[in-house]
Amino acid sequence: MMLESQIEEVLNYQLSYIEKLPTGTPREVTANVKLSDTHVKILTGIRRCGKSTSMLQIARRFPKFNYMSFEDPRLSIFEVNDFFKLEKIFERRGMSDLFFFDEIQNVEGWESYVRVLQDKKQRDIVSGSNARMLSKELGTSLTGRQISYEVYPFSYREYLAHMHQDAGTESFSDYFYLCWLPEFLNTKNRDALLNLYNDLIYRDIVVRQGLRNPKTVRELGVFFASNTGKEFSYNKLANTFELGSVNTLASYISYFEDAYLFFNVPSFSYSLKQQAKNPKKIYGIDTGLVSMLSMSFSKDLGRLLENLVFIHLKRLGKEIYYFRQKGECDFIAKKNNKVEMAIQICYHLNDDNMHREVNGLSEAMNEFELSKGFIFTFNQKDTLEKEGKKIYLLPVWEWMNNEMQQI
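Computed from a predicted model, the values in this text were never measured in an experiment.

Undergrad: With reference to specific residues and values, describe the overall build of the chain.
TA: Looking only at helices and strands, one finds 17 helices and 14 strands in the chain. Taking 2.2 N^0.38 as the reference for a compact globule, 407 residues should give roughly 22 Å; the C-alpha atoms of the chain span a radius of gyration of 23 Å, in line with that estimate. If one aligns the C-alpha atoms of the chain with their principal axes, the spans along those axes are about 70 × 50 × 40 Å. When the 407 residues of the chain are sorted by exposure, 52% land in the buried category. Residue pairs in contact within the chain that sit at least 24 positions apart in sequence constitute 67% of those at least 6 positions apart.

Structural data, given as structure tokens:
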């Protein structure tokens with residue numbers, strides 16, 4: 001519990017601080033956030049991805065708004081009933097019906113207060129660094145009353161705007177190897193990036209989930225970084241890390257996903273039971289981060305490019321699978337229960353890999369009755385035809401810079 005005077009002191013400091021902050025590079029996700037209704041708008045994403053900046057970019061559309069960041073250590077004893085003291089302070093300053101609460105999950109029971117605001121027809125935007133914590137809490141108090149938006153590290157277009165560069169091979173070559181988290185993009189400080197990884201492991205996984213083996217969690221993360229884009233078996237991996245059971249491993253993977261650090265990708269199957277049995281693949285949130293964790297990964301340019309495409313598909317809100325029959329197709333992208341794209345990733349297409357890449361893609365196109373497919377490369381562009389269907393070779397940068405994201 002805090003005194004009203006203590007809360008106001010923190011608020012005054014925060015408002016003075018954010019007034020001096022630059023607007024920052026415009027984030028694409030903010031254009032999708034509409035405040036015309038009273039659904040709670042939730043911004044989630046990995047730490048340091050730009051959620052706070054995105055929130056302020058939305059807030060600054062309006063001449064007046066209420067704001068508080070609960071990342072401030074002076075609010076560590078802030079309780080849910082203290083929200084009503086904060087509301088009195090807002091009222092004295094000239095009340096707005098717009099509430100912006102950053103890292104709100106740091107306040108236990110916060111969702112009950114947001115429910116009160118909703119009942120009063122106020123508009124709320126909240127942010128948090130853990131997907132499951134937010135969805136679980138909202139699921140009990142605000143079912144059907146929330147809309148979630150995921151904030152990812154800089155897209156290629158956001159990178160171009162931030163660095164004042166033009167689209168093309170040269171700028172993409174830089175983007176390809178860098179960490180896309182805004183805080184680290186300019187400094188390129190690998191030690192700071194390693195500290196962020198350790199912070200994510202400890203704060204967002206070990207402490208939050210009450211785990212007693214941080215070393216195992218950290219090593220599992222390094223394993224995933226070193227094997228991004230490769231298939232893995234739950235049974236074998238659980239045995240390797242002596243986790244005791246497949247269920248324990250599944251829980252650990254879900255913790256990585258909740259922290260937006262690594263993502264699990266299933267093999268496509270019409271049978272959910274078979275899909276659960278099939279080997280999975282894992283991808284990281286940021287190629288710079290996973291390259292830093294695994295020296296061997298940075299040398300495999302094809303898998304680096306594959307990881308980059310995966311994250312961009314996530315950024316576009318796609319449901320992602322890999323597909324295997326006789327051959328393999330790297331990505332099947334679905335949205336609204338419809339397969340939209342079949343995608344093959346090949347750093348450089350040549351005579352040695354042409355048959356494998358085209359046949360794997362063609363199988364997927366036939367399976368899902370797609371008239372066209374895509375092979376994304378580093379910098380090759382061409383059009384092929386197989387069995388009357390078009391296969392487009394495109395540089396990844398050209399696809400990522402395309403407004404519609406589909407050709």
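That covers the picture; the talk isn't over yet.
Undergrad: Go over the layout of surface pockets, please, and point to the residues and values.
TA: Summary: where empty space remains is shown by rolling a probe the size of a single water molecule over the atoms. If you add up the space inside the largest pocket, you get close to 970 Å³. Y17, L21, S52, T53 and D102 are, among the 31 residues lining the largest pocket, the residues nearest its centre. Sorting the residues of the lining of the largest pocket by element identifies α1 (4-20), α2 (51-59), β2 (66-69) and α8 (182-185) as the ones contributing at least two each. The class makeup of the residues in the lining of the largest pocket is 11 nonpolar, 10 polar and 10 charged.

Undergrad: Describe the pattern of salt bridges, with residues and values.
TA: In the structure shown here, the tally under the stated rule is 26 salt bridges. The residue D300 makes a salt bridge to R303 at a minimum N-O spacing of 2.9 Å. Given the relative accessible area of 29%, D300 is considered partly exposed. On the basis of relative accessible area, R303 is assigned to the buried category, the value being 10%. Beyond isolated ion pairs, a larger network of salt bridges with shared partners links R47, E71, D199, R203, D204 and R208.

Undergrad: Summarise the sheet that holds strand β14 (residues 389-395); cite the residues concerned and give the values.
TA: Pairing is mixed across the open sheet formed by 6 strands, whose spatial order is β9-β10-β11-β12-β14-β13. One side of each edge strand has no neighbouring strand; the edge strands of this open sheet are β9 (319-324) and β13 (382-386). Strand-to-strand twist of the sheet, defined as the mean angle between neighbouring strand axes without regard to direction, takes the value 30 degrees. Where helix α15 (residues 301-315) meets the sheet, its contacts fall on β9, β10 (328-335), β11 (338-345) and β12 (372-377), and the angle it forms with β10 comes to roughly 10 degrees. Taken strand by strand, helix α16 (residues 354-367) contacts β9, β10, β11, β12, β13 and β14, and its axis lies near 175 degrees from that of β11.

Calculation notes
Numbers given to residues run from 1 along each chain, matching the order in which its sequence is written. Residue-level local features of this predicted model are given only where pLDDT is at least 70; pairs of side-chain atoms are given and counted only at 80 or more, and the full residue set underlies all totals for whole chains, interfaces and linings. As a rule here, side-chain values cover all heavy atoms of the structure and leave hydrogens and water aside. We count a stretch as a helix when DSSP gives it H or I for four or more residues in a row; a strand needs E for two or more, and each element gets its number in order from the N terminus. For a compact globule the rule gives 2.2 Å times the number of residues to the power 0.38, and the radius of gyration it is set against comes from C-alpha atoms. Only protein chains enter the accessibility calculation, which uses a 1.4 Å probe; a residue is then buried when its area is under 20% of its type maximum, exposed when over 50%, and partly exposed in between. It only takes one pair of heavy atoms within 4.5 Å for two residues to be counted as in contact. Points on a 1 Å grid over protein atoms alone make up a cavity when a 1.4 Å probe fits among them but cannot get out, and a pocket when they form an open set with protein on both sides within 12 Å along at least five of seven lines; lining residues each have an atom within 4 Å of a point. Grid points are joined across faces, edges and corners, and a volume is the space filled by probe spheres set on the points. Charged residues are taken to be Asp, Glu, Lys and Arg, nonpolar residues to be Ala, Val, Leu, Ile, Met, Phe, Trp, Tyr, Cys and Pro, and polar residues to be all remaining types, Gly included. Salt-bridge detection follows one rule: a side-chain nitrogen of Lys or Arg within 4 Å of a carboxyl oxygen of Asp or Glu. At least two DSSP bridges between two strands are required for those strands to pair. Fitted lines through C-alpha atoms serve as axes, helices being fitted only where they are in contact, and the angles separating the N-to-C directions of these axes extend from 0 to 180 degrees.

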